[in-house]
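# Geometric and topological summary
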Amino acid sequence: IERTFSIIKPDATKRNLTGKITAKLEEAGLRVVASKRIRMSKEQAEGFYAEHQGKPFFAGLVNFMISEPVIVQVLESENAILLNREVMGKTNPEEADEGTIRKEFALSMSENSVHGSDSPESAAREIQFFFSDDEIV
Ligand code: ATP
Ligand code: MG
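Residues numbered from 1 in each chain as written. Chains lettered and ligands numbered in written order. Predicted model: local features only at pLDDT ≥ 70, side-chain atom pairs only at ≥ 80, totals over all residues. Heavy atoms only, no water.

According to UniProt, the feature "binding site: ATP" (unreviewed entry) maps to Lys 9, Phe 57, Arg 85, Thr 91, Arg 102 and Asn 112 in the numbering used here. Tracing the backbone through its elements, the reader meets Lys 9 in the loop between β1 (2-8) and α1 (10-14). Residues contacting Lys 9, with those up to four places away along its chain left out, are Tyr 49, Phe 64, Met 65, Val 70, Arg 102, Asn 112, Ser 113, Val 114 and His 115. Positionally, Arg 102 belongs in helix α6 (residues 101-105). Those residues in contact with Arg 102 that sit more than four places away from it in its chain are Lys 9, Met 88, Gly 89, Lys 90, Thr 91, Pro 93, Ala 96, Asn 112 and Val 114. (UniProt positions renumbered as here; feature names shortened; annotations may be inferred. Helix = DSSP H or I, 4+ residues; strand = E, 2+ residues; numbered from the N terminus. Contact = heavy atoms within 4.5 Å.)

Spelled out as structure tokens, the structure:
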């Protein structure tokens, strides 16, 4: 069994899609073992996306992530990291496969509705970034 970290991003919370997106995750076989709605601070968003510092889209990404509340979640299943990436779809919604979250809900490359960890190392880091052990049950 594996855990991954997910964010329902501002474009999705703003459009009241929290339940619809969580349903897609659950239908794919992922279990929500921690969840909270938060407003990210600028410092949190910059730290969370530190790997993208210096890229042309960085400032826009940070401003987007703090523009509305987000839902941060820990998801659990066999191969959760890969499974979540599959159900999310490609970063660019125009390239996302039919049936994926981004194909159905994303508005653009930046307003793409969800985040999901891309490796065991980033999953561990990202879960710890937002959750303490006792919040994951
Ligand atoms: P995420 O990390 O959010 O799950 P990802 O792994 O598919 O998405 P990354 O390459 O890690 O994509 O980029 C992180 C986020 O930065 C993307 O989800 C998107 O919101 C934004 N982003 C990435 N590339 C671009 C771009 N070229 N223009 C605008 N925004 C971008
Ligand atoms: Mg990524």
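Side chains that differ in charge, positive against negative, can pair when their charged atoms come close. One pass over the structure, following the stated rule, counts 6 salt bridges. Note that Lys 24 and Glu 104 form a salt bridge whose closest N and O atoms lie 2.8 Å from each other. Separated by 80 residues along the polypeptide, Lys 24 in helix α2 (residues 18-27) and Glu 104 in helix α6 bring together distant segments of the chain. A salt bridge links Lys 103 to Glu 98, with the nearest nitrogen and oxygen atoms 3.9 Å apart. (Salt bridge = Lys/Arg side-chain N within 4 Å of Asp/Glu carboxyl O.)

With that settled, consider the site of ligand 1. Taken together, the neighbourhood of ligand 1 is formed by 14 residues, with Lys 9, Thr 91, Asn 112, His 115 and Gly 116 sitting nearest. Within the contact set of ligand 1, an oxygen atom lies 2.4 Å away from a side-chain nitrogen or oxygen of Thr 91. The separation between an oxygen atom of ligand 1 and a polar main-chain atom of Gly 116 is 3.0 Å. Look at ligand 1: alone it shows 570 Å² of surface, and the protein chains cover 79% of it. Secondary-structure elements contributing two or more residues to the shell around ligand 1 are α5 (80-88) and β4 (114-116). Class assignment of the residues belonging to the shell around ligand 1 gives a composition of 5 nonpolar, 6 polar and 3 charged. (Near = heavy atom within 4 Å. Polar contact = N/O pair within 3.5 Å; in protein donor to acceptor, adjacent residues only side chain to side chain. Areas by Shrake-Rupley, 256 points an atom, 1.4 Å probe, with all protein chains shown as cover. Nonpolar A, V, L, I, M, F, W, Y, C, P; charged D, E, K, R; others polar.)

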